Amino acid sequence: MSSSKLTVAEVSESLQRFGIADYIVFVASLLICIVIGVYFGWKDWRVQRKRKQNVRRGSEALNYLIGGRKMKIFPVAMSLIASFISGIAVMGASTETYLHGTQFCYIFTGIMLMAFCMNFIFLPVYQGLEITSAYAYLQLRFDRRIRLLGSGLFTVATLLHLPIVIYVPALAFNQVSGVNVHIVSTTVCMVCIFYTLVGGIKAVVWTDVIQMFIMIGALILIVIKGTADIGGLGVLIERNLASGRIEPPNFSLDPTERHTIWSIFIGGGSFWVAKNSIHQMMIQRYLALPNFRDAQKALICFTVGMILLLMTCFYNGLLIYATFYDCDPLTTGLAKAKDQLLPVLLMKVLGNYPGLAGLFISGIFSASLSSLSTGLNSLSAIVLEDFVKPFAKNSVSERSTRYIMRGTVLAFGIVAVVLVLVVEKLGTVLQLSMSLVPISLGPLLGLFLLGMLLPWVDATSAFGGALCGLCTMSYIVIRAQIAVAAKEILIPAKPVSVEGCEYEFVLPPGYNTSTTLPTQPVEKSIHHVSYLFYTFIGAVTTVLVGSITAAILRRQQLNKLDPLLVAPFVRKIYFPESIPRTIVTTHTFNKEDTELYGKVFHRYCTPRFCSAYPGSHNRITRESGVEW
């Protein structure tokens, strides 16, 4: 007896309505990026050509990597948001809400903690030193080996993360169009490599601005049209309340629960602090601004923008459930993977409107392109500042600098493309990438906190603390992944239903069985702690071991420490004589550091302080004409 119902495969094919108008919108968004890259590349070439005879040494790197420190607040703030939130985050936040409810929505508390720490600890130090690589700070505060440790961890983690950033939105494109994942990912990667290589930081920032508007516009369209289709906001709230997805904060003190308000605020806040405050991709944008006040304003815009954008993504997760509340796309196989839930909603809501699906996919790819371009530009800064200049016998010429930076973008871009081509078959790459982030972020955050908050901690103690933090986090993360694979750690999901499905499908094996919990209670261990605490644990381990070791064995000599290397409020406690006055002086480091950075640091100090803390490594050059 034949059935008149459509099969799930036929429904899936009917949702793939990516027409000519959609392709035009998608291609147009890529062409805009290319035009922006060519424009800024041509503009910089003209400027360099005009003043070729009087080019200041280091201007090539300064212009390509941080825009000559003359960028404007609004585009930098938009670029910060675009750099932080990739296509993975856009779709992942919606998926998280659909599967597990709104508990993670309280991450806005962690974002506010990040803004507080960034404003009072990290930004004043970075802006005072005027460095290009965030990890140059580690050598200024400690020594070269710690700088190389930080740069190495960032490079490996970024290289493993970039292919995932492109692969996930390629899955979304495949869901709505049927085009091969690797064809679209390779094409988009090549476009991104081109405009990043040609235009530098200015092209990256301004393409981020365009891409942010595309992404925000696409998300708002889904919110408005999707909410209207289900009958309004009241229906959305009613259906999600009934399923338990809208829930108040969980104040449980159990650290092994996946999401509590404490794990979100403390653990999630630590992760946000690390990602925004010590990550080269983010710091490079703040350093592109002229002064500290502008950086503060960009931080405020970034914080508000991220909260609004994430709340929109969480709302879309509620919208997915309200739309498919009686026919779960994951259970029926309409969505092949969790990250395809939002594209399925897109095609159901906007698929009949020519060009709108293309706008959404452009928005998802825009988020990923911004992360990829930012990553490539940051890697070029790391390679030049941390791996080339410190080991060059002579100062690097402007021409060599140009080739090194652009060659790095091209080389790492090709590596990212190759990894995208193999990531589908090597599933462990995804696991490795996601695991390496907390393994490296926690100890790195601990190192920066040791440097900026505890001026009496020396390099050897800090290095020992970082190694302990790395070992601790490696054990916890790897052991946790093994436990997840063995179903020792189960992640409870909110209820779903397939009772209202109007098409035929095959239920997955084991559906509706009662074997969702282990038969015997599992004894809790350190690796059962919530994943949100990973960065926090790594940072605390590093700080505790480093500070205790310094207190017992060695101590940093404060008279040889530059006060600009610690946070302002710490500076007032340990270096009260360094509080800014009106006399401007310049400060250069010893011969090795001068060769490494090739620059002079501008600072404020009193005559009494400069005479009291000359240090064997410092030379004070008076430019103000004041007699000491």
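No experiment lies behind these values; they were computed from the predicted model shown.

J.: Just to check I follow, could you spell out the state of the cysteines for this structure?
T.: By definition, a disulfide links the sulfur atoms of two cysteine residues through a covalent bond. Per the stated rule, a full pass over the model turns up 1 disulfide. Looking at the unpaired Cys 468, the closest cysteine sulfur is the one in Cys 471, lying at 6.6 Å. Cys 468 sits in the partly exposed class, given a relative accessible area of 32%.

J.: When you look at the packing of aromatic side chains in this model, what are you seeing that I'm missing?
T.: The description of an aromatic ring pair uses the distance of the two centres, along with the angle that the planes make with each other. Tallied over the full model, the rule gives 10 aromatic pairs. Between Phe 104 and Phe 314 the ring centres are 6.1 Å apart and the planes differ by 85°, which places this aromatic pair in the edge-to-face class. In this pair, Phe 104 is assigned in the loop between α5 (87-100) and α6 (108-129) and Phe 314 in helix α13 (residues 292-323), connecting sequence segments 210 residues apart. Ring plane angle 65° and centroid distance 6.0 Å describe the contact between Phe 251 and Trp 262, whose orientation is recorded as edge-to-face. A residue pair is termed long-range when its members are at least 10 positions apart, and Phe 251 in the loop between α10 (233-242) and α11 (261-277) and Trp 262 in helix α11 qualify at 11 residues. Connected via pairs of aromatic rings, a cluster forms that spans Tyr 126, Tyr 135, Tyr 137, Phe 154 and Phe 448. Here the basic side chain of Arg 144 rests over the ring of Phe 391, its NZ or CZ set 5.2 Å away from the ring centre. Cation over ring: Arg 245 sits above Tyr 98, and NZ or CZ is 5.3 Å from the ring centre.

J.: Where do I start with the nonpolar core in this structure?
T.: As a rule of thumb, nonpolar side chains are buried together in soluble globular proteins. Judged by nonpolar contacts, the single largest core of 173 residues is most densely connected at Phe 122 and Phe 302. The element contributing the most residues to this core is helix α9 (residues 181-230), with 18 residues. Setting aside residues no more than four positions away along its own chain, Phe 302 makes contact with Ala 77, Leu 80, Ile 81, Phe 84, Met 114, Trp 272, Asn 276, Met 282 and Tyr 286.

J.: Would you mind going over the pattern of salt bridges with me for this structure?
T.: Should their charged atoms come close, side chains of opposite charge can pair. Within this structure, the stated rule accounts for 6 salt bridges. The residue Arg 258 makes a salt bridge to Glu 96 at a minimum N-O spacing of 2.9 Å. Here the residue Arg 258 occupies a position in the loop between α10 and α11, and Glu 96 occupies one in helix α5, the gap between them amounting to 162 residues. You can call Glu 96 buried: its relative accessible area is 11%.

Cut-offs applied
- Residues numbered from 1 in each chain as written.
- Predicted model: local features only at pLDDT ≥ 70, side-chain atom pairs only at ≥ 80, totals over all residues.
- Heavy atoms only, no water.
- Disulfide = S-S within 2.5 Å.
- Buried < 20%, exposed > 50% of the residue type's maximum accessible area, 1.4 Å probe, protein only.
- Phe/Tyr/Trp six-rings, centres within 6.5 Å; stacked < 30°, edge-to-face > 60°.
- Helix = DSSP H or I, 4+ residues; strand = E, 2+ residues; numbered from the N terminus.
- Lys NZ or Arg CZ within 6 Å of the ring centre and 35° of its normal.
- Core = buried A, V, L, I, M, F, W, Y, C linked by side-chain atoms within 4.5 Å.
- Contact = heavy atoms within 4.5 Å.
- Salt bridge = Lys/Arg side-chain N within 4 Å of Asp/Glu carboxyl O.

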